[in-house]
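# Per-entry structural report
The chain contents come next:
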Amino acid sequence: MKTRVLSLTGAAVAAFLGASAQAETLSIATVNNGDMIRMQKLADHFTKAYPDITLNWVTLEENVLRQRVTTDIATKGGQYDILTIGTYEVPIWTKQKWLMPLDKLGAGYDADDLLPSIRNGLTAGGTLYAAPFYGESSMVMYRKDLFEKARLTMPEAPNWAFVADAARKLTDKSKEVYGICLRGKAGWGENMAFISAMANSYGARWFDMAWKPQFNTDPWKQTLTTYLGLMKDAGPPGASSNGFNENLALFQTGKCAMWIDATVAASFVSNPAQSKVADKVGYALAPDNGLGKRANWLWAWNLAIPASSKKGDAAQSFIAWATSKEYLELVAKEEGWANVPPGTRSSLYANPDYQKAAPFADLTLKSIQAADPLKPTVQEVPYTGVQFVAIPEFQGIGTGVGQAFSAALAGQVSADQALQNAQALATREMTKAGYIK
């Protein structure tokens, strides 16, 4: 395995990728999560193959990353050569002609191996405009030992009533063990990723077919009051400041009985080097509410190149390396199959070594395949996107709504007031943008 991986990331890589790089520095804006940090550590394998390319990493917290790369590409600032962007940005930015087509990834790249549900959101006119580094949906991660002690059995496909009841029963605040950890930090990709997916399972929608906001409807009230009540009774203190990384740390240190979040977290919570509860973790599908939709989202972190870049060939060489089958094998060799970036390639889920090492593999794939960006909720909607709405205005609206809901979680406003604030904000912005006539 070692020889084969190194040969494909060594002298033969230029021929494999079909790229000719000149001496230059690539500035890469990326997010501060585990898989992207690991990529930086392994990047020496790339620079050994391309000694004329130097990598300059700019690692940012998720909300800050989004703000900076959006500003940079919209103003053609040219600060970055490679951007880490999500499934939300790719189709919008492609339509604006802000992204370079990834048409020089090389014959050996095998784009057809990319999972269709992930690839479709990154493609326009049959051409990739971003390459997925990892893909995810959401799932329940839970402590099998605590469930057994409480004589509870987690179904593979739980509903919200079971989750809420179990969370309250498993909470022991005197021992700093909380029944459930959920995102509370404000942001369209932070608390609103979770709450929007939850809302879908309750039959809520962001907008009706006339683009009118729907926060004044019963499904949204049910969603938010359930979320707030659950976090008040069974959540950790200071939850309004907790995003993905904060909840990951809580779970890994044994303070959460359940955590509903990105499927990509499964490898972190089950890694003995990172998690005190690694041998005690079970997995289940995201909950439903009996309406035919689960609270599972669909997302990928992707690498893309600004259309204005003068370093396109070198940048495509790096992207081809970082999102290739061979990179997955490299991670497996260095850190084990369970830690390979998930959710991008069909071949990974057909790999018996990965299936054996990753008990969460099948549920991850089921969750990704179940999420439907074209029909995200129970009722008809005019937009695409599961936990987001794929329109440019959503970034601002989603964050504003997220701030209203985070304030409710912090006890600063009531659920009813938060929903009124969300309705007013969304109505104002959608009217200003011309969606509401």
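Everything that follows concerns the structure shown earlier in this document.
This one's a predicted model, so the numbers in the text were calculated from it and none came from an experiment.

What counts and how
- Residues numbered from 1 in each chain as written.
- Predicted model: local features only at pLDDT ≥ 70, side-chain atom pairs only at ≥ 80, totals over all residues.
- Heavy atoms only, no water.
- Buried < 20%, exposed > 50% of the residue type's maximum accessible area, 1.4 Å probe, protein only.
- Helix = DSSP H or I, 4+ residues; strand = E, 2+ residues; numbered from the N terminus.
- Contact = heavy atoms within 4.5 Å.
- Polar contact = N/O pair within 3.5 Å; in protein donor to acceptor, adjacent residues only side chain to side chain.
- Pairing = 2+ DSSP bridges.
- Axes fitted to C-alpha atoms, helices over the stretch in contact; angles between N-to-C directions.
- Phe/Tyr/Trp six-rings, centres within 6.5 Å; stacked < 30°, edge-to-face > 60°.
- Lys NZ or Arg CZ within 6 Å of the ring centre and 35° of its normal.
- Arc of directions from axis to C-beta.
- Salt bridge = Lys/Arg side-chain N within 4 Å of Asp/Glu carboxyl O.
- Parallel < 35°, antiparallel > 145°, perpendicular 65-115°, else oblique.
- Nonpolar A, V, L, I, M, F, W, Y, C, P; charged D, E, K, R; others polar.

### Quick notes on helix 9 (residues 160–170)
- Every buried residue of helix 9 is listed here: Trp 160, Val 163, Ala 164, Ala 166, Ala 167 and Leu 170.
- Looking at the buried residues of helix 9, the elements they touch are helix 8 (144–149), helix 10 (191–201), helix 11 (218–234) and strand 8 (258–262).
- A side-chain oxygen of the first residue of helix 9 lies 3.3 Å from the backbone nitrogen of Ala 161; this N-cap is Asn 159.

### Brief notes about the environment of Gln 274
- Along the chain, Gln 274 turns up in the loop between helix 13 (266–269) and strand 9 (281–285).
- Residues Gln 274 and Gln 252 lie 22 residues apart in sequence; the distance between their C-alpha atoms is 7.1 Å.
- Filtering out sequence-adjacent residues up to four positions away, Gln 274 remains in contact with Arg 38, Gln 252 and Phe 268.

### Focus: the pairing of strand 10 (residues 299–304)
- Along strand 10, six of the six residues are buried, which leaves the element largely enclosed by surrounding structure.
- Residues Trp 299, Trp 301 and Leu 303 point to one face of strand 10 and Ala 300, Asn 302 and Ala 304 to the other, with burial holding for every one of them.
- For strand 3 (residues 82–86) and strand 10, the ladder comprises four bridges, and the chain directions are antiparallel. Across the sheet, Leu 83 pairs through a bridge with Ala 304, a residue of strand 10.
- By the bridge criterion, five bridges tie strand 6 (residues 131–136) to strand 10 in an arrangement that is antiparallel. Bridged to Glu 136 within strand 10 is Trp 299.

### What to know about the sheet that holds strand 9
- Pairing within the open sheet is antiparallel, and its three strands lie in the order 8-7-9. The sheet is open, and its two edges are formed by strand 8 and strand 9, each paired on a single side. Averaged over all pairs of adjacent strands, the angle between their axes in this sheet comes to 30°, without regard to strand direction.
- Of the strands in this sheet, strand 7 (138–143), strand 8 and strand 9 are in contact with helix 12 (residues 244–252), which crosses strand 8 at around 145°.

### Some details on the packing of aromatic side chains
- Under the definition given, this model contains 36 aromatic pairs.
- Positioned above the aromatic ring of Trp 188 is the side chain of Arg 66, whose terminal nitrogen or guanidinium carbon lies 4.2 Å from the ring centre.
- One residue, Arg 345, lies across the ring of Tyr 109, its end atom 4.9 Å from the ring centre.

### Some details on the side chain of Asn 191
- Tracing the backbone through its elements, the reader meets Asn 191 in helix 10.
- Note on Asn 191: relative accessible area 0%, which makes it buried.
- Only 3.1 Å separates the side chain of Asn 191 from the backbone nitrogen of Gly 187, close enough to count as a polar contact.
- Looking at Asn 191, its side chain comes within polar contact range of the main-chain oxygen of Gly 402, at 2.9 Å.
- Beyond its immediate stretch of four places on either side in the chain, Asn 191 contacts Arg 183, Gly 184, Lys 185, Ala 186, Gly 402, Phe 405 and Ser 406.

### Some details on helix 3 (residues 34–42)
- Taken together, the buried positions of helix 3 are occupied by Asp 35, Met 36, Arg 38, Met 39 and Leu 42. Viewed along the axis of helix 3, the buried residues span an arc of 155°, placing them on a single side of the element.

### Here we look at the pattern of salt bridges
- Throughout the structure, instances matching the rule amount to 23 salt bridges.
- Of the charged contacts, one joins Lys 185 and Glu 61 as a salt bridge, the two residues approaching to 3.8 Å between their closest N and O atoms. Here Lys 185, found in the loop between helix 9 and helix 10, pairs with Glu 61, found in the loop between strand 2 (53–60) and helix 5 (62–74); they are 124 residues apart in sequence, far enough to count as distant.
- For Glu 61, a relative accessible area of 26% corresponds to the partly exposed category.

### Things to note about the packing of helix 10 against helix 19 (residues 394–409)
- In contact at an axis separation of 9 Å, helix 10 and helix 19 are set at 85° when each is read in the N-to-C sense. In terms of orientation, helix 10 and helix 19 fall into the roughly perpendicular class. Across the interface between the two elements, Asn 191, Met 192 and Ile 195 from helix 10 touch Gly 398, Val 401, Gly 402, Phe 405 and Ser 406 from helix 19.
- Of the residues in the contact of helix 10 with helix 19, the class split is four nonpolar, four polar and no charged.

### Side note on the environment of Asp 288
- Within the secondary structure layout, Asp 288 lies in the loop between strand 9 and strand 10.
- Accessibility expressed as a relative area gives 16% for Asp 288, which makes it buried.
- When residues no more than four places from it in sequence are discounted, the contact partners of Asp 288 are Pro 158, Asn 159, Trp 160, Ser 201, Lys 293 and Arg 294.
- Here Arg 294 takes part through its side chain, which lies 3.4 Å from a polar atom of the side chain of Asp 288.

### Quick look at the sheet that holds strand 6
- The five strands are arranged 2-1-3-10-6 in an open sheet whose pairing can be described as mixed. Unpaired on one side and paired on the other, strand 2 and strand 6 mark the two borders of the sheet. Neighbour-to-neighbour, the strand axes of this sheet turn through a mean angle of 20°, independent of strand direction.
- Pairing analysis gives eight bridges linking strand 1 (residues 24–31) to strand 2, with the strands arranged parallel. What sits directly across from Thr 30, in strand 2, is Thr 59.

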